[in-house]
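Descriptive structure summary
Spelled out from the first residue to the last, the chains are:
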Amino acid sequence: MPETASAARGVYKPRRPQASPLFRLVADHLQRLQTVYDERVAREDGPWRPVVAQVADTFLACGVLDHGFARIRCDDCAHEYLLAFSCTCRDFCPRRHAKRLAIWTQWLDTTLLAPVPHRQVVLTIPKRLRAYGLYRRRLLGELARVAARICTCS
């Protein structure tokens, strides 16, 4: 490999979160979704949960210098750059989710799962019954427990 290619690999390239399609989608449409949610969506999908806006706001601040940064300086060459803080929200931010998923998968493999074959069972709930789970969350837990008992018996 040429010497210039290996040197270029070590150069820091800042992320540009505002350029991603997901960032633009959330930034452009979150406010409108909040205003029309109750009249258009809440009847079928349940009430607006405040955590949704909180996670979206955290996602929009992730990687943006205006929301905080650290100054990184090399002691040898005195080169400096700004490193934007990243969010800690799970599941929504693709950058964080991939890392957490890899760590969780490794934990599952080394700590939790026994070294035996495993199988995955997918439980689907008919659309007519899903509305009951929106307003009575304990029913979902009971349903999962019943499904687990049935799967272990067969």
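Below is a short write-up of the structure. For clarity, every value in this text was computed on a predicted model and none was experimentally measured. (Residues numbered from 1 in each chain as written. Predicted model: local features only at pLDDT ≥ 70, side-chain atom pairs only at ≥ 80, totals over all residues. Heavy atoms only, no water.)

1. Some points on the overall build of the chain
Across its full length, the chain holds 7 helices and 2 strands. Listed N to C, the secondary structure of the chain is α-α-α-α-β-β-α-α-α in terms of helices and strands. Each of the 154 residues in the chain was classed as buried or not, and the buried ones make up 16%. Taking contacts inside the chain between residues at least 6 apart in sequence as the whole, the part at least 24 apart equals 45%. When the accessible surface of the chain is summed, it comes to about 13200 Å², and 57% of that surface belongs to carbon and sulfur atoms. (Helix = DSSP H or I, 4+ residues; strand = E, 2+ residues; numbered from the N terminus. Buried < 20%, exposed > 50% of the residue type's maximum accessible area, 1.4 Å probe, protein only. Contact = heavy atoms within 4.5 Å. Areas by Shrake-Rupley, 256 points an atom, 1.4 Å probe, with all protein chains shown as cover.)

2. Some details on the pattern of salt bridges
Enumeration over the complete set of coordinates arrives at 3 salt bridges. In this structure, Glu80 engages Arg71 in a salt bridge whose closest nitrogen and oxygen atoms are separated by 3.3 Å. Since its relative accessible area comes to 36%, Glu80 is described here as partly exposed. For Glu142, the salt bridge identified is with Arg145, shortest N-O distance 3.2 Å. Here Glu142 and its partner Arg145 are both found in helix H7 (residues 137-153), 3 residues apart, which amounts to about one turn of the helix. With a relative accessible area of 41%, Glu142 lands in the partly exposed category. The structure contains a network of salt bridges with shared partners spanning Arg71, Arg73 and Glu80. (Salt bridge = Lys/Arg side-chain N within 4 Å of Asp/Glu carboxyl O.)

3. Remarks on a nonpolar patch on the surface
On the surface, a cluster of nonpolar side chains totalling about 510 Å² of accessible area is made up of Leu101, Trp104, Trp107, Leu112 and Leu113. Mapped onto the elements of the fold, Leu113 is located in the loop between helix H5 (94-112) and helix H6 (127-135). (Patch = residues over 30% accessible without salt bridge, like charges linked within 9 Å, V, L, I, M, F, W, Y side chains within 5 Å.)

4. Brief notes about the nonpolar core
Nonpolar side chains in soluble globular proteins tend to end up buried together. One finds Phe23, Val26, Leu30, Ala56, Phe59, Leu60 and Val64 forming the largest nonpolar core, which totals 7 residues. Those elements that place two or more of their residues in this core are helix H2 (21-40) and helix H4 (50-61). Residues contacting Phe23, with those up to four places away along its chain left out, are Pro17, Gln18, Phe59, Leu60 and Val64. (Core = buried A, V, L, I, M, F, W, Y, C linked by side-chain atoms within 4.5 Å.)

5. Here's the deal with H4
Note that an α-helix has 3.6 residues per turn; residues three or four places apart therefore point the same way. For H4, built from 12 residues, the straight-helix expectation of 16 Å at 1.5 Å per residue is met to within 8% by its first-to-last C-alpha distance of 17 Å. Turning to H4, its buried residues number three or more, namely Ala53, Ala56, Phe59 and Leu60. One side of H4 holds all its buried residues, which, seen down the axis, span an arc of 125°. Structural note: H4 exposes Pro50 and Gln54 on the side pointing more than 90 degrees away from its buried face. Immediately downstream of H4, the backbone of Gly63 shows phi near 80°, a positive value. (Expected span 1.5 Å × (residues − 1). Arc of directions from axis to C-beta.)

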